[in-house]
Every structure is written in C-alpha cells, then in structure tokens.
Amino acid sequence: MEEKYFALPVNPISTVKWTAPKSVNGPLQETGYGEVWAKARKDVLTEAETASLLARRPYDLRHAGVSFWLGSGVDAMECARGAGHSIAVLHKVYAKVLDQTRERANSRIDAALREWNEPE
C-alpha cells in the first residue's frame, strides 16, 4: 500500500494556506479557521448539506477518514500511526468503530472454523 493513504497531518489546518477573512493573505491562525471553513462549506455544499452536520468542522473529515480505514479492515496500529495517535488514543476515540470491526472479525473466524470442520 502506498504511503499516500496514511498521510493525515495531526493538525490538517496548520499545513494549509488560506485566504483569511478581511482579505488578509497568509497562514490562517488556528483560532480563525472556523469562519473560513463555514464559508467554504457554503460555497461548495447545497443549502441542505450546509444546514446539516456534514463536515461541520475540518476534524469531522479527519474522524471520518480514520473511521473508514478502521471499518475497511486496516490494522489499528497502522491507523493510529497514520492519524498521529497513540494506540491508546485510537482505542478511546474510535471504540465504537473498533467494536464493529471486532464483530466482523469474529464472523470471519466463525466462517473459517465452519469451513475447516466440514467433512471432505
């Protein structure tokens, strides 16, 4: 797997240059990105999407990405590394997703055991 799939920066906003409010160019301070993010959402989403919780904060996209990795069966340790988390933080923040992957893993184990125990 290529490295590009695990390239989420710990703080995605800190690596992006934005045009700040009031026509001030340069890096956007962490305390001011909410206004810029709200405008960006309004510019690209439909009115109904803008009113929804969809990507309400940049963090929501990051959380969705890590949840997708875990739900897709990517090893938890690799997901933690890609997200810049410790494995303890990953287990705490994504416990619900990990619980769902446990159920899927147990189903796979059950299926493998049934197949293994079938008479030839």
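The structure displayed is predicted, hence computed values, not measured ones.

So, how was this worked out
- Residues numbered from 1 in each chain as written.
- Predicted model: local features only at pLDDT ≥ 70, side-chain atom pairs only at ≥ 80, totals over all residues.
- Heavy atoms only, no water.
- Helix = DSSP H or I, 4+ residues; strand = E, 2+ residues; numbered from the N terminus.
- Buried < 20%, exposed > 50% of the residue type's maximum accessible area, 1.4 Å probe, protein only.
- Contact = heavy atoms within 4.5 Å.
- Polar contact = N/O pair within 3.5 Å; in protein donor to acceptor, adjacent residues only side chain to side chain.
- Axes fitted to C-alpha atoms, helices over the stretch in contact; angles between N-to-C directions.
- Parallel < 35°, antiparallel > 145°, perpendicular 65-115°, else oblique.
- Left-handed = near helix turned anticlockwise from the far one by under 90°.
- Nonpolar A, V, L, I, M, F, W, Y, C, P; charged D, E, K, R; others polar.

Visitor: Requested: an account of unusual backbone geometry, with residues and values cited.
Guide: Positive phi outside glycine occurs at Ala-55, with the angle close to 50°. Mapped onto the elements, Ala-55 comes out in the loop between helix H2 (47–51) and helix H3 (58–71). Owing to a relative accessible area of 15%, Ala-55 belongs among the buried residues under this scheme.

Visitor: Can you explain the environment of Thr-101? Please cite residues and give values.
Guide: As for its position among the elements, Thr-101 is in helix H6 (residues 95–117). It is 9.8 Å that separates the C-alpha atoms of Thr-101 and Val-74, two residues lying 27 residues apart in sequence. Among residues more than four places away in sequence, those in contact with Thr-101 are Leu-70 and Gly-71. Here Leu-98 takes part through its backbone oxygen, which lies 2.7 Å from a polar atom of the side chain of Thr-101.

Visitor: Give me the lowdown on the packing of H3 against H6, citing residues and values where you can.
Guide: Relative to each other, H3 and H6 sit at 15°, their axes nearing to 9 Å. With respect to each other, H3 and H6 are oriented roughly parallel. For H3 against H6, the interelement crossing comes out right-handed. In contact with Ser-67, Leu-70 and Gly-71 of H3, H6 contributes Val-97, Leu-98, Thr-101 and Arg-104. Split into classes, the residues belonging to the contact of H3 with H6 amount to 3 nonpolar, 3 polar and 1 charged.

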